[in-house]
Amino acid sequence: MATISLSGIAKSFGDTRVLNTIDLDVEDGEFLTLVGPSGCGKSTLLRIIAGLEAPSGGGVDIGGRDVTAVRPADRNLAMVFQSYALYPHLTVAENMMTPLKLRDLSFWERFPILGPVLARGKHRALRDQVDETAGVLKIDPLLDRKPGQLSGGQRQRAALGRAMVRKPVAFLMDEPLSNLDAALRVHMRAELAELHRALGTTFIYVTHDQAEALTMSDRMAVMMHGDILQLDNPRRVYGDPADLRVAEFVGSPKINVLPGDADSDGRLSFLGLPVKRRIAGSHGGISIGIRPEHLRLSGAGEGALSGIVRHVEHLGSDIFLHVDIADGAHRLVARATPAEAERISIADPVNVAQVDGAAMAFAAEGHRLRFSEFGAASRETPQMDKAVA
Amino acid sequence: MVRSHAHIWFVAPAIFLMIVILLVPIGIAAVLSFTDYSLGNPGAEWVGLQNYERIFTRSTYEKMFIATFTYVGVVVPLTVGLGLGAALLIHSLNRFSDIYKTIYFLPVMAALLAMAIVWEFALHPTIGIVNSTLAQGCGTFLENWNWYARSCERTFPLWLTDKDYAIWTVAFIGVWQGFGFNMVLYLAGLTSIPRELYHAAEMDGARSAWDRFKLVTWPMLGPTTVFVVTISCIRSFQVFDTVEAFYPQGGGPSKSVYVMMFAIYEKAIQQNLMGIGAAITIIFLGFVMMLTLLQRWLVERRVHYA
Amino acid sequence: MTAMTHVRPLPRMEGTFRFSTTETIKHAVLILGAVIVLIPFYVMVSYSMKSPSEIMTNTGGLFGAQELFRDDFCVKLGNAAEDCMVRPLIYNYTTAFEKAPLLLYLLNGVIVTLSIFAIQIVVALPCAYALAKLRWWGREAVFALVLFCLLIPVHAIALPLYIMLSKVGLTNTYAALIIPWTISVFGIFLMRQFFMTVPDDLIDAARMDGMSEYSIIWNVMLPTAIPALLAFGIFSVVAHWNDYFWPRIVITGNRDLFTPPLGLREFKGDADGDNFGPMMATATIIVTPLIVAFLLAQRRFIEGITLTGMK
């Protein structure tokens with residue numbers, strides 16, 4: 001029972017506008033990722049949800065209650081910070097105990113020495129809660145250590161523990177994995193996703209790493225320049241981006257973007273190659289986006305672009321070829337299988353063809369151009385294509 | 001790397017000076033403290049522990065210890081407390097914080113001797129600005145305060161020459177001069193506290209400013225506090241300028257402001273009693289070194305946040 | 001907007017100005033403190049501009065009325081009373097310079113503080129470099145010596161130093177004012193810590209270019225250490241310009257060697273009531289150079305003075 005909804009959230013720092021009227025509904029138990037390049041406003045948005053930042057306009061609503069004017073401590077949210085923000089002078093157990101003490105004990109029960117004596121039972125109960133959470137996160141052996149004695153990964157767990165221990169309505173995470181090394185980061189991705197499933201609590205997760213967003217979230221909101229460009233599940237965001245900037249941001253290696261043309265009937269082509277799709281209306285400055293996996297090596301001939309291999313990126317399971325086409329005016333990245341790549345070396349001429357129907361068209365302003373009369377377009381005859389060429 | 005002897009030329013002057021200027025004098029003072037040496041005399045008698053015995057039995061030196069420790073005991077807590085208070089207030093301001101910082105730091109920059117002379121003048125019983133300002137408060141609500149009413153009837157205190165007030169007045173000037181320094185150190189400490197810790201505290205439910213202070217600010221200022229307390233102790237142990245300016249002879253009314261540095265100066269330089277001066281020097285050094293060692297121990301004991 | 005004000009901003013969260021009671025109370029407390037801090041500066045500057053009668057009666061506001069008054073000393077010298085009428089401001093400041101060789105004292109202050117700083121650098125910099133970047137037998141021992149010497153305040157051992165200087169006949173000389181401060185253990189320590197952060201690659205590159213260790217110090221390390229040196233310089237100059245204890249001990253008779261604080265002290269020693277004005281003028285002149293420098297480069301000064309915080 002903890003949907004979080006934002007309506008018309010705007011934020012400016014002085015004259016700089018950081019967020020433009022954001023509306024967002026987070027469902028109960030959802031893992032929602034706010035992803036975007038640095039400076040897109042994602043962290044600010046998270047801090048507005050937390051209450052650490054006051055919005056310049058709009059409102060925050062948690063579980064049906066307007067909390068715009070409620071201070072962070074009373075929103076019952078937990079936050080995991082990028083730097084973990086553990087109290088360096090307290091042990092892990094004391095760190096985890098802090099939110100419990102501050103919420104559940106009165107001023108006198110929190111008083112040093114006197115408190116534990118007065119309310120021994122309560123202190124015991126809190127300690128049990130800490131132990132339980134530590135057990136879930138497998139950090140029991142670390143409870144008596146101070147943050148300075150922990151490795152990055154252990155600190156990360158301790159910070160998670162401090163957030164989990166009091167069972168908040170939602171977890172807010174601000175790039176929690178960015179301080180870990182690459183291998184641990186990949187490992188923690190899976191662990192966080194599992195933790196989310198086990199807890200069933202809402203997670204709102206901020207990251208600049210599109211891979212984290214793709215791998216962990218139920219839904220991801222791609223943000224740029226203070227706007228949410230697209231909010232959808234990872235599969236759709238990747239496969240069906242609503243905006244050229246989304247298409248370029250999500251996916252690695254990056255999508256190939258080439259200048260395209262549309263004739264008066266809306267038939268699309270790029271670099272003289274037909275896309276075999278049509279768009280409604282006429283547009284100038286169209287861009288065509290094709291993901292590397294939708295380009296394949298082919299024989300010379302129709303429908304293929306010829307170019308020269310300039311670089312081979314070997315990732316083990318996949319091999320990406322960087323191919324200069326049109327005398328180096330454009331560079332394409334195409335995926336090849338190891339078997340195909342074996343025969344290819346740098347400076348070899350190759351031909352690259354597109355997988356039919358995979359190209360996407362974007363208007364000059366960046367938004368996606370949907371294809372019209374899909375069926376008709378696929379039935380276009382070779383003659384017509386030639387005419388276009 | 002090719003063996004080079006460059007380092008000898010680099011460190012030799014420093015080592016030589018350290019030994020001659022810092023270590024040898026300690027040895028000399030230690031030796032002289034067992035004699036009745038005075039400058040100009042051909043020789044000196046070995047008197048054993050007599051100098052030390054005097055220091056710990058004569059009432060003059062009892063007054064010296066009382067004055068020194070009273071001064072340190074007043075100045076250290078107040079400069080540290082006011083320094084912290086001012087730093088917290090200034091740090092929490094939205095604007096104008098730089099102006100206060102500048103003003104509070106001015107006394108640190110000004111020559112203490114010059115300011116002591118000005119204070120002496122400001123505290124002058126008849127023409128001083130302090131008492132004339134206080135006198136204007138007579139007849140107002142301030143008279144509810146017994147001390148104030150009595151002072152209005154008679155006169156306001158002779159701050160520097162009344163033995164009941166002298167040490168406190170000198171200590172006040174020490175506080176006036178020193179707290180800005182501590183404030184700046186605390187401000188540096190405050191700006192180095194990661195802001196995320198405050199945000200974490202807020203998320204954890206630290207609602208009141210006091211909770212946040214207790215949970216984050218005070219523990220994070222721990223190393224600063226250790227340093228500030230030590231440096232304040234050492235500085236106030238060394239107080240001399242004000243005392244010499246106010247009381248060139250004798251150390252104030254009934255020797256109530258007879259601090260150690262002044263005692264060394266008076267005994268050794270003015271009265272040419274080098275033996276006793278050396279003994280006070282050794283005791284003084286003992287205090288100061290103990291303090292610094294205590295500080296180092298406290299700092300090293302702490303586990304730092306990587 | 002009304003709803004927002006309930007969100008208690010964390011320290012320094014909001015840049016925009018809003019009236020708030022707590023903010024006002026803080027300012028009230030801080031202003032009260034500022035007034036107390038500024039009292040002696042006010043007294044000093046104000047009285048340096050007032051006539052004796054204004055000082056005695058506590059009138060004249062900040063600047064004094066600047067009415068002409070009769071200079072009794074001038075009359076005593078046999079001049080006509082009307083020739084001896086002077087403006088208080090001009091009288092106070094000219095008397096400050098005439099009664100004592102104040103310019104000489106200021107010059108002495110400059111000579112002493114700058115020589116101390118220069119020698120401290122010449123001694124400390126090579127030593128710090130050797131401790132930080134060269135490997136040699138006995139390095140740890142020398143560093144331990146440095147750490148031990150940090151414990152010793154020079155003022156505390158003034159007495160044996162004075163005896164040593166008088167034995168070699170150096171009291172009442174510039175040398176006496178300078179020698180005890182030529183070794184700044186703190187400077188060595190500070191520079192060593194700073195040099196530790198300079199990458200070895202930089203020094204190795206200089207060696208590859210054929211520089212001697214000596215020229216590495218002055219041509220490579222010195223330039224990189226400028227900010228730290230500047231801070232240390234401010235620390236050193238402020239300490240020695242304002243120092244009173246040590247000059248008081250070693251300069252006993254020779255007025256030509258007085259530093260500014262000694263000169264002021266001497267002035268006070270033979271001051272009668274009439275001379276409060278010139279005395280405050282002298283104090284103002286002595287205090288002003290550092291205060292003005294401080295106001296011009298506050299951040300650097302605060303950095304420099306609080307350097308000791310790095311210990």
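Q: Looking at this model, I keep getting lost on the interface of chain C and chain B. Mind explaining?
A: Put simply, an interface is often sized by how much accessible area is lost when its parts join up. At the junction of the two partners, chain C supplies 75 residues and chain B supplies 78 residues. In terms of residue count, helix α1 (residues 21–47) of chain C provides more of the side of chain C that touches chain B than any other element does, 13 residues in total.

Q: It is not clear to me how the interface of chain B and chain A should be interpreted in this structure. Could you clarify?
A: Between chain B and chain A, the contact holds 20 residues from the first and 21 residues from the second. Sorting the residues of the side of chain B that touches chain A by element identifies α9 (195–203) and α10 (209–220) of chain B as the ones contributing at least two each. The element contributing the most residues to the side of chain B that touches chain A is α9(B), with six residues.

Q: It is not clear to me how the domain arrangement of chain A should be interpreted in this structure. Could you clarify?
A: All names here are of chain A. Structurally, chain A comprises domain 1 (4–244) and domain 2 (255–388). Between the C-alpha centres of domain 1 and domain 2 there is a distance of 42 Å. Across the side of domain 1 that touches domain 2, the residue classes break down as three nonpolar, no polar and one charged.

Q: Just checking my understanding: could you explain the sheet that holds strand β5 (residues 65–66) of chain A for this structure?
A: Sheets are built from strands that pair by backbone hydrogen bonding, the pairs being arranged parallel or antiparallel. Residues and elements named next belong to chain A. Taken in spatial order, the four strands make up an open sheet running β2-β1-β4-β5, and their pairing is antiparallel. Two strands bound the open sheet, and with one partner strand each, they are β2 (16–26) and β5. Alignment of strand β1 (residues 4–13) against strand β4 (residues 57–62), held across five bridges, turns out to be antiparallel. Considered in β4, the bridge of isoleucine 4 is made with isoleucine 62. Across the sheet, helix α1 (residues 42–50) touches β1, β2 and β4, and the angle it forms with β1 is around 120 degrees.

Q: Hey, could you run me through the nonpolar core in this one?
A: One finds A:Val222, B:Ala114, B:Val118 and B:Val259 to be the most contacted residues of the largest nonpolar core, which totals 284 residues. The element contributing the most residues to this core is helix α5 (residues 102–133) of chain C, with 15 residues. Here B:Ala114 is in contact with C:Pro261, C:Leu264, C:Ala283, C:Ile286 and C:Val287, once residues within four sequence places are set aside.

Q: What's the story with the environment of B:Cys233 in this structure? I'm lost.
A: Residue and element names in this part refer to chain B. One can find cysteine 233 in helix α11 (residues 222–237). In sequence terms cysteine 233 and valine 288 are 55 residues apart; their C-alpha atoms lie 8.2 Å from each other. Cysteine 233 has contacts with Val72, Val76 and Leu291, leaving out every residue within four places of it along the chain.

Q: Just to check I follow, could you spell out the packing of α11(B) against helix α14 (residues 274–301) of chain B for this structure?
A: The angle between the axes and the distance between the axes are what describe a pair of packed helices. All names here are of chain B. Relative to each other, α11 and α14 sit at 175 degrees, their axes nearing to 10 Å. Comparing the axis directions of α11 and α14 gives the class roughly antiparallel. Each of Pro223, Val226, Phe227, Thr230, Cys233, Ile234 and Phe237 in α11 lies in contact with α14, whose residues at this interface are Phe287, Val288, Leu291, Thr292, Gln295, Leu298 and Val299. Looking at the contact of α11 with α14 residue by residue, the classes come out as eleven nonpolar, three polar and no charged.

Q: I keep staring at the sheet that holds strand β20 (residues 360–362) of chain A and nothing clicks. Help me out?
A: Residues and elements named next belong to chain A. The antiparallel open sheet is built from seven strands, whose spatial order is β21-β20-β14-β11-β12-β13-β22. Of all the strands in the sheet, the pair left with one neighbour each is β21 (368–369) and β22 (371–372). Relative to strand β14 (residues 286–290), strand β11 (residues 256–262) is paired through five bridges, and the arrangement is antiparallel. Paired with leucine 258 across the bridge in β14 is isoleucine 288.

Q: How should I be thinking about helix α15 (residues 276–296) of chain C in this particular structure?
A: Every α-helix winds through 3.6 residues per turn, so residues three or four apart in the chain are directed the same way. The end-to-end C-alpha distance of α15(C) is 29 Å, a good match for the 30 Å that 21 residues give at a rise of 1.5 Å each. Bending of α15(C) peaks at approximately 40 degrees at the position of C:Thr288, with proline C:Pro289 no more than four residues after it.

Q: Just to check I follow, could you spell out the domain arrangement of chain B for this structure?
A: Here chain B is described as being made up of domain 1 (60–110 + 161–268 + 286–301) and domain 2 (124–158). Here domain 1 of chain B and domain 2 of chain B have C-alpha centroids that lie 29 Å from each other.

Q: Whenever I open this one, the pairing of strand β19 (residues 349–354) of chain A confuses me. Can you help?
A: Looking along a regular strand, one sees the side chains alternate between the two faces of the sheet. All names here are of chain A. Side chains of β19 alternate between two faces, with Val350, Val352 and Gln354 buried and Pro349, Asn351 and Ala353 left unburied. Of the strand pairs in this sheet, strand β15 (residues 295–298) and β19 are connected by four bridges, and their pairing is antiparallel. Paired with arginine 296 across the strands is alanine 353, a residue of β19. One ladder, built from five bridges, connects strand β16 (residues 304–314) with β19; its direction is antiparallel. Paired with serine 306 across the two strands is asparagine 351, which belongs to β19.

Definitions and limits used
Residues numbered from 1 in each chain as written. Chains lettered and ligands numbered in written order. Predicted model: local features only at pLDDT ≥ 70, side-chain atom pairs only at ≥ 80, totals over all residues. Contact = placed C-beta atoms within 7 Å. Helix = DSSP H or I, 4+ residues; strand = E, 2+ residues; numbered from the N terminus. Domains from an automatic or database assignment. Nonpolar A, V, L, I, M, F, W, Y, C, P; charged D, E, K, R; others polar. Pairing = 2+ DSSP bridges. Axes fitted to C-alpha atoms, helices over the stretch in contact; angles between N-to-C directions. Core = buried A, V, L, I, M, F, W, Y, C linked by C-beta atoms within 7 Å. Buried ≥ 20, exposed ≤ 12 C-beta atoms within 10 Å, placed from the backbone. Parallel < 35°, antiparallel > 145°, perpendicular 65-115°, else oblique. Expected span 1.5 Å × (residues − 1). Bend = angle between axes of the 7 residues up to and from the residue.

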